[in-house]
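# What the coordinates show
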Amino acid sequence: MGIDPVTLAFWLIVAATPILLAGLGELVVERAGVLNLGVEGMMITGAVCGFIAAVHSGSPVLGFLAAALAGAALALLFGVLTQILLANQVASGLALTLFGLGLSALLGIGYSGISPPPVPRLDLPGLSDLPVLGRILFSHDAMVYLSVAAVAAIAWALRATRWGLILRAVGENPGAAHALGYKVVRIRLLAILFGGALAGLGGAYLSLVRVPQWTEGMTAGAGWIALAMVVFSGWKPWRLLLGAWLFGGVTAAQLRFQAQGIPVPAELLSMSPYVITILVLVLISSGRGMAGAPAALGRPFHATG
Amino acid sequence: MTRLIPTLAGFTLAAGLGLSAAAQDDPVKAAFVYVGSIGDFGWTYEHNESRLAVEEHFGDAVETSYVENVPEGADAERVMTQMALAGADIIFTTSFGYMDATNNVAAKFPDVKFEHATGYRRDHPNVSTYSARFYEGRAVIGHIAGHMTESNIVGYIASYPIPEVIRGINSAYLHAKAVNPDVDFRVVWVFTWFDPAVEAEAAQALIDQGADVIMQHTDSTAPMTVMAEAGVIGFGQASDMAAFAPAPRVASIIDNWAPYYIDRVQAVIDGTWESTDTWDGIAPGMVELGEMTDAIPADVRASAQAIAESIAAGDYHPFTGPIARQDGTLWLDVGEVADDGTMLGMDFYVEGLSGEIPN
């Protein structure tokens, strides 16, 4: 039995969605000049809160909402620490991950071995019946469409809207943005909340769709992969989508190559998602000059004048 | 970056231990290093259950502590050092990959006893090793798998290419093939003990390739969820995984470390602890077989039970010749049984398995 490319393509999108959502949130945060290393912690908190809410309400929609709120709540903690109390961003982010892992383990007690309510596939009339493409692109759940729509919306907003310009200004030169009268701290806090909500959604996608179950520590480093992906994408949303799908795709493909018994050394296959994703993202960025990190990334801002 | 997290966790916990270290006639302190989370409902879960059994057994005479999610490597060494500094009398390091770290730290703390699970190095008189003969359990579930598969494709989610895992694949395959000559094993190496998303994906990949029975040698129950959805069957690994019975979980191999842990802590209390190498199987109860559900036909249940009993009684060894290696050379002659040394270093597939073992 060969590898069915349509099935493969379908699963690669599912595998990539948690990283894509979390990465997209972090991308916005970093474009605002804030480095939040707590992605893993916000993801796993979203995973457990989304799972609990979905199990009790029977509604995956409420589950995802709860996950977004939980991720944002954790992010708020980080925001208060780093934007108002001016704590170190790296240390606060790491602490947030530790906190999230511990908190989720505590909240998740008693939820192992339960199945969440199924997330329905959203068939798009007409499109889902298309041969090949219908199955690959148009028979997913709503979160997949939402994640792609979010990529498009964020890419457009960052490039073409006043809001995007302000956010980028805050990330590149908060002093100048402040001098122009923009509330740097408030804008950054909003970006942090948004990033937390998306990380929470990414986590819930793991526990409600991707696996679907709750297991302690189930993100197993997905948050760190999302963080790395943001850097390698050169802080560009479409490249992030490419990177996430590539990573998900090579992961799904290498497992299928192995399952089929193709004689390629398993250790090579196993490292290929990391190697290929990094290689491709670096190559496409190198030609036209890497966009580079937002100039004020990770630096605290305090309007003392 | 991921490595930082458990290290920090390790420091916090170990620092906490340090505060409580006090007078000489303290209770005996037993510390445990876990590779996964105690909520994995697999490997680490069972080690922790056995730790709790130690607490239960000794009451106030023994104090236990643990650090979970400790990566194999330098971080493990730091966690063990902290435990030793904090006054641990005996430290159980519960993953193969802690082998170097355990021996390195043991050299620095000759008065602390170290117990390393599934390893083979005892460089110092204060290091013991212990493991379970999981391959005995694998023989039984391999037998069941051979009977149950209709597609004749059995999927196998393997973690790392170490002897313990390879032994399990060989044992399961030999006993599946004995009852079903057409059976084909598809092995997927995921290079992790615990990553639910990857484990689930591997199960999905195997199912897409036609596997209708799946075995796992990883620690989470994520593959079970995928199996349930696809309507294929599998086996509880390390822990009973009873939440998934009667199907997809149709039987299970359970690790029961409690009697060993209680023995070893007792030896510390008595001052009789010595460096030993323990490798126990079904007979002493270190490997237990979980209930076989009605999803398995009664005659298969009976024959599987018979295999387990003859292994326990010492009448049957899962690696009994004639067995050839994958390359066709003879490994065991007719009636010959494998010696422990070869099994402990097993780095080859038996004849009939396809694919290569990664390096």
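See the structure shown above.
This text gives an overview of the structure that appears in the document.

What counts as what
Residues numbered from 1 in each chain as written. Chains lettered and ligands numbered in written order. Predicted model: local features only at pLDDT ≥ 70, side-chain atom pairs only at ≥ 80, totals over all residues. Heavy atoms only, no water. Core = buried A, V, L, I, M, F, W, Y, C linked by side-chain atoms within 4.5 Å. Buried < 20%, exposed > 50% of the residue type's maximum accessible area, 1.4 Å probe, protein only. Helix = DSSP H or I, 4+ residues; strand = E, 2+ residues; numbered from the N terminus. Contact = heavy atoms within 4.5 Å. Axes fitted to C-alpha atoms, helices over the stretch in contact; angles between N-to-C directions. Parallel < 35°, antiparallel > 145°, perpendicular 65-115°, else oblique. Left-handed = near helix turned anticlockwise from the far one by under 90°. Nonpolar A, V, L, I, M, F, W, Y, C, P; charged D, E, K, R; others polar. Buried area = accessible area lost by both parts, 1.4 Å probe. Salt bridge = Lys/Arg side-chain N within 4 Å of Asp/Glu carboxyl O. Polar contact = N/O pair within 3.5 Å; in protein donor to acceptor, adjacent residues only side chain to side chain. Pairing = 2+ DSSP bridges. 1 Å grid on protein atoms, 1.4 Å probe; cavity = no way out; pocket = protein on both sides within 12 Å on 5 of 7 lines; lining within 4 Å. Points joined across faces, edges and corners; volume = space filled by probe spheres on them. Domains from an automatic or database assignment. Phe/Tyr/Trp six-rings, centres within 6.5 Å; stacked < 30°, edge-to-face > 60°. Lys NZ or Arg CZ within 6 Å of the ring centre and 35° of its normal.

## Some thoughts on the nonpolar core
One finds Phe64(A), Trp214(A) and Ile214(B) to be the most contacted residues of the largest nonpolar core, which totals 100 residues. Per-element accounting of this core gives the leading share, 16 residues, to helix α1 (residues 5–31) of chain A. Look past the residues within four positions of Trp214(A) in its chain and what remains in contact with it is Ile44(A), Ala47(A), Val48(A), Phe51(A), Ser104(A), Gly108(A), Tyr111(A) and Ser112(A). One finds Ala31(B), Trp43(B), Ile296(B) and Ile307(B) within the second-largest nonpolar core, a separate group that totals 96 residues.

## Some remarks on the packing of helix α2 (residues 39–57) of chain A against helix α10 (residues 222–232) of chain A
For any two helices packed against each other, one specifies the inter-axial angle together with the distance between the axes. Residues and elements named next belong to chain A. The interhelical angle for the contact between α2 and α10, taken along N-to-C directions, is 130°, at an axis separation of 7 Å. Between α2 and α10, the angle is such that the two are oblique. Handedness of the crossing formed by α2 with α10: right-handed. When α2 is examined against α10, the residues Val39, Glu40 and Met43 are found in contact with a partner set consisting of Ala222, Gly223, Trp224 and Leu227. Across the contact of α2 with α10, the residue classes tally to five nonpolar, one polar and one charged.

## Overview of the interface of chain A and chain B
Opposite the 34 residues of chain A that make contact, chain B presents 41 residues. Each partner contributes to the roughly 3,100 Å² buried at the junction of chain A and chain B, and carbon and sulfur atoms together form 63% of this total. On the chain A side of the contact with chain B, Glu216(A), Leu255(A) and Ala259(A) bury the most area, a combined 19% of that side's loss. Connecting chain A to chain B are three salt bridges. We note a salt bridge from Arg256(A) to Asp208(B), for which the minimum N-O separation is 2.6 Å. Linking chain A with chain B are nine residue pairs in polar contact (both at pLDDT 80 or more), by the criterion used here.

## What to know about the pattern of salt bridges
The full count for this structure, using the stated rule, is 13 salt bridges over all chains. A salt bridge links Asp123(B) to Arg121(B); the shortest N-O distance between them is 2.5 Å. Look at Asp123(B) and you get partly exposed, because its relative accessible area is 41%. Residues joined by salt bridges that share partners form a network here, namely Arg210(A), Arg256(A), Glu201(B) and Asp208(B).

## Remarks on the sheet that holds strand β7 (residues 184–189) of chain B
Residue and element names in this part refer to chain B. Within the open sheet, the six strands sit side by side as β7-β6-β8-β9-β10-β12. Their pairing is mixed. In this open sheet, the two strands that pair with only one neighbour each are β7 and β12 (287–290). Each neighbouring strand pair of the sheet contributes to a mean axis angle of 15°, computed without reference to strand direction. Here two bridges tie strand β8 (residues 213–216) to strand β9 (residues 233–238), and the two strands are oriented parallel to one another. Directly across from valine 213, in β9, lies its bridge partner isoleucine 233. In the packing of helix α7 (residues 196–208) onto the sheet, contacts are made with β6 (153–158), β7 and β8, and the angle to β6 comes to roughly 160°.

## Quick look at empty space enclosed by the protein
Where empty space is left in the structure can be found by rolling a water-sized probe over the atoms. Residue and element names in this part refer to chain B. Applying the stated criterion across every chain yields a total of three cavities of 30 Å³ or more. In this model, the largest cavity occupies a volume close to 150 Å³. Taken together, 15 residues make up the lining of the largest cavity; nearest its centre are Thr118, Gly119, Ser131, Arg167 and Leu344. If you list the elements that add at least two residues to the lining of the largest cavity, you get β5 (127–132), α6 (163–179) and β11 (277–280). Classifying every residue of the lining of the largest cavity by side-chain character gives seven nonpolar, five polar and three charged. Looking at which domains feed residues into the lining of the largest cavity, each of domain 1 (4–132) and domain 2 (134–256 + 286–344) gives three or more. Its volume calculated, the second largest cavity comes out at about 70 Å³.

## A few points about the packing of aromatic side chains
The geometry of two aromatic rings is summed up by the distance between their centres and the angle between their planes. Residue and element names in this part refer to chain B. Scanning all chains against the criterion turns up 25 aromatic pairs over all chains. Ring centres 4.8 Å apart and planes at 15° place the aromatic pair phenylalanine 32 and phenylalanine 92 in the stacked group. Residue phenylalanine 32 is located in strand β1 (residues 28–33), and its partner phenylalanine 92 is located in strand β3 (residues 90–93); the two are separated by 60 residues in the primary sequence. Given the relative accessible area of 0%, phenylalanine 92 is considered buried. Taken together, Phe32, Tyr34, Trp43, Tyr66, Phe92, Tyr130, Phe134, Trp257, Tyr260 and Tyr261 form an aromatic cluster joined through their ring pairs. Looking at arginine 325, its charged tip hangs above the ring of phenylalanine 348, at a distance of 4.7 Å from the centre.

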